[in-house]
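Per-entry structural report
Take a look at the letters that make up each chain.
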Amino acid sequence: MTRLTLLLAAALSAGTLLAQDAPAAAPAKPKASRPGAHYVAPSATSDAAKVIAEIKAHQEAVANLQEMTDTIGARLTGSAQLIAAHKMMEAKLTAYGATKVWRESYDFGPTWTRGTATARLLTQNGQELSVRQMAWTPATKGTLKAEAALLTADTWEEMTAKLGQFKGKIAVLGKFPRPKPGADMKAFGEGAKAFMGALKKAEFAAALWPSEKKDGQMTMGGSPGGDEDFLPLPPVPVGVINSEHMTLLNRLLARKEKVELELNLGGKLSEKRVDAYNSIAEFRGSEKPEEIVLLGAHLDSWDLGTGATDNGTGSVAVVEALRAMIASGVKPKRTIRVALFSGEEQGIFGSKAYVKAHAAELANHQAVLIHDLGTGQVRGFAMEGREDLRPYFAKAIAPLQELGVRELPLEQSEDSDHAPFVEKGIPAVFCIQDEVDYFTTTHHSFTDTFEHVKPEQLVQGATAMAVTALELANMPERLPHKAMDAKAK
């Protein structure tokens, strides 16, 4: 997420304060709609039908995802595994016949490597605590032994005022303020921002954050930070513990019992900043090659699981869309471009870098389609508040009505790679997908593995991306761009 939505979502979920792309709950599911007025079943000779048939008969998305997750595994931005994934996907795109395949770099910041993570109670029952170090936070200096203290309050102002009591202690952040009905959300956000600023200066020894999920599930977040939209983490070791162990600590501390903890976190930050990369490929348009329909997904993942649903599924879906268009023999009028971004989980850095690097040609982007909600089938596209885009997308998804692609809600979000394009006024939309177990189970967790992928729904999503992109590429009209305001400029 960008700007204060990141802080607010973390506060509302009582989860990691700086976990990118971590909403507290799945968005409300729009009601299913009937086929729109533009619906026409695709004839067997239409371009849409050819692409649908190609994917149905020869799809490679499932095999590509297995290779990525089973062979390469987790793909933390800045890691050798992510570079391996870039090479793998670029080789696939080249073999599929893309007109051009290339890689673009941007300054990312320091890398982070996971190390030892242990924690236990030194008092009470001496229980071992399930812990993982929050990414991009510093290590403890060996084994840290310190008293724990509970940091919780009803308002951000109260939270901030209490920080001075935690010098030399392990701060247990068990609950965050929640806005009351009718609250001034701008003021609430400013309070959250002030708290984060004060947190950077607090002199506590370490901190413990709760996992976002229950039943022993661990989740992950963190970022090197470094831009105006993303506050850096506090410069102390931070451990994420499962919700049950956090509840235990909350109970002990709420009873005013003295709690001492032992904590060992061994993750390492690199001494130097590194470049991260976006992999880009395109299928050159036959009539208007300078105009572009962009299909995007983020190739990076967190490192507790193997990044199957966040966002291996989106990555292989957009590559499959390009493969199918080329293999089916269709000739899109506009250029179809695929972008596999990195750094999404740390602050949508890759897509921001793309927007900056391609500033001169942004006006030529017909549309941007982003796939980033896991394995569930695509039901449509969120219009990001753009009522003016609905008629065009209604036409574009018409051949997909029988596959269940029917919804065009005005829903808005800033939590994936479409956001930097939306800020520039480009028609950029986000897939609306069946939730399956994405938010409840796999998102940022140990269980983000291939076992939770629904192959038939993954293939349906790739089909939705391919046909929608092709219809937009062949559309006689240019989609309207919004005038940029001073902020976006």
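Here is a short report on the structure shown in this document. Nothing here was measured: the structure is a model prediction, and the numbers come from that model.

Scanning the protein chain from N- to C-terminus turns up 14 helices and 15 strands. By the burial criterion, 58% of the 489 residues in the protein chain qualify as buried. The contacts in the protein chain between residues at least 6 apart in sequence include a share of 84% that link residues at least 24 apart.

Next up on the list: the packing of helix H3 (residues 61-72) against helix H8 (residues 308-328). The contact between H3 and H8 brings their axes to 9 Å, and the two run at 135 degrees. Classified by the angle between their axes, H3 and H8 sit oblique to one another. Every pair of crossing elements has a handedness; the one defined by H3 and H8 is right-handed. Judged by residue contacts, Ala61, Asn64, Leu65, Met68 and Thr69 of H3 engage Ala308, Gly312, Thr313, Ser315, Val316 and Glu320 from H8. By residue class, the composition of the contact of H3 with H8 is 5 nonpolar, 5 polar and 1 charged.

Another aspect to go through is the pairing of strand S12 (residues 334-341). Most of S12 sits inside the fold, with 8 of its 8 residues counted as buried. Where strand S11 (residues 288-298) lies against S12, 8 bridges are found, and the strand directions are parallel. When the bridges of S12 are listed, isoleucine 292 appears paired with threonine 335. Handedness of the crossover is the feature at issue here: the chain leaves S11, passes through H8, returns alongside S12, and the resulting connection is right-handed.

Scanning all chains against the criterion turns up 11 aromatic pairs. Taking the centre distance of 5.8 Å and the plane angle of 70 degrees together, the rings of phenylalanine 108 and tryptophan 136 count as edge-to-face. Placement of the pair is phenylalanine 108 in strand S1 (residues 100-113) and tryptophan 136 in the loop between strand S4 (131-133) and strand S5 (144-150), with a sequence separation of 28 residues. Between phenylalanine 341 and tyrosine 354, the aromatic rings sit 6.1 Å apart at their centres with planes inclined by 85 degrees, giving edge-to-face as the arrangement. Taken together, the residues phenylalanine 341 in strand S12 and tyrosine 354 in helix H10 (residues 349-357) connect sequence positions 13 residues apart.

Residue placement: tryptophan 156 occurs in helix H5 (residues 156-162). A relative accessible area of 3% means that tryptophan 156 is categorised as buried. C-alpha separation for the pair tryptophan 156 and glycine 191, spaced 35 residues apart in sequence, amounts to 5.3 Å.

For the rest of this paragraph, the subject is the sheet that holds S11. Reading across from one edge, S1-S10-S12-S11-S13-S15-S14 is the order of the 7 strands in this open sheet, with mixed pairing throughout. A strand with exactly one partner marks an edge of an open sheet, and here the two such strands are S1 and strand S14 (378-382). On average, adjacent strands in this sheet sit at an angle of 25 degrees to one another, irrespective of strand direction. Across 12 bridges, S1 lies against strand S10 (residues 268-283) in antiparallel orientation. Directly across from valine 101, in S10, lies its bridge partner alanine 281. Across the sheet, H8 is in contact with S10, S11 and S12; its angle to S11 comes to roughly 150 degrees. Helix H14 (residues 455-474) contacts S11, S12, strand S13 (365-370), S14 and strand S15 (428-433) of the sheet and is inclined by roughly 170 degrees relative to S13.

Here we take up the sheet that holds strand S7 (residues 206-210). Pairing in this open sheet of 8 strands is mixed, and the strands run S3-S2-S9-S5-S6-S7-S8-S4 from one edge to the other. Bordering the open sheet on either side are strand S3 (128-129) and S4, each of which pairs with just one other strand. Relative to strand S8 (residues 238-241), S7 runs parallel, the two being bridged by 4 bridges. Note that in S8 the partner of alanine 207 across the bridge is valine 238.

Cut-off values and rules
Residues numbered from 1 in each chain as written. Predicted model: local features only at pLDDT ≥ 70, side-chain atom pairs only at ≥ 80, totals over all residues. Heavy atoms only, no water. Helix = DSSP H or I, 4+ residues; strand = E, 2+ residues; numbered from the N terminus. Buried < 20%, exposed > 50% of the residue type's maximum accessible area, 1.4 Å probe, protein only. Contact = heavy atoms within 4.5 Å. Axes fitted to C-alpha atoms, helices over the stretch in contact; angles between N-to-C directions. Parallel < 35°, antiparallel > 145°, perpendicular 65-115°, else oblique. Left-handed = near helix turned anticlockwise from the far one by under 90°. Nonpolar A, V, L, I, M, F, W, Y, C, P; charged D, E, K, R; others polar. Pairing = 2+ DSSP bridges. Right-handed = clockwise from strand over helix to strand, strands pointing away. Phe/Tyr/Trp six-rings, centres within 6.5 Å; stacked < 30°, edge-to-face > 60°.

All quantities given are derived from atomic positions and should not be read as evidence of function.
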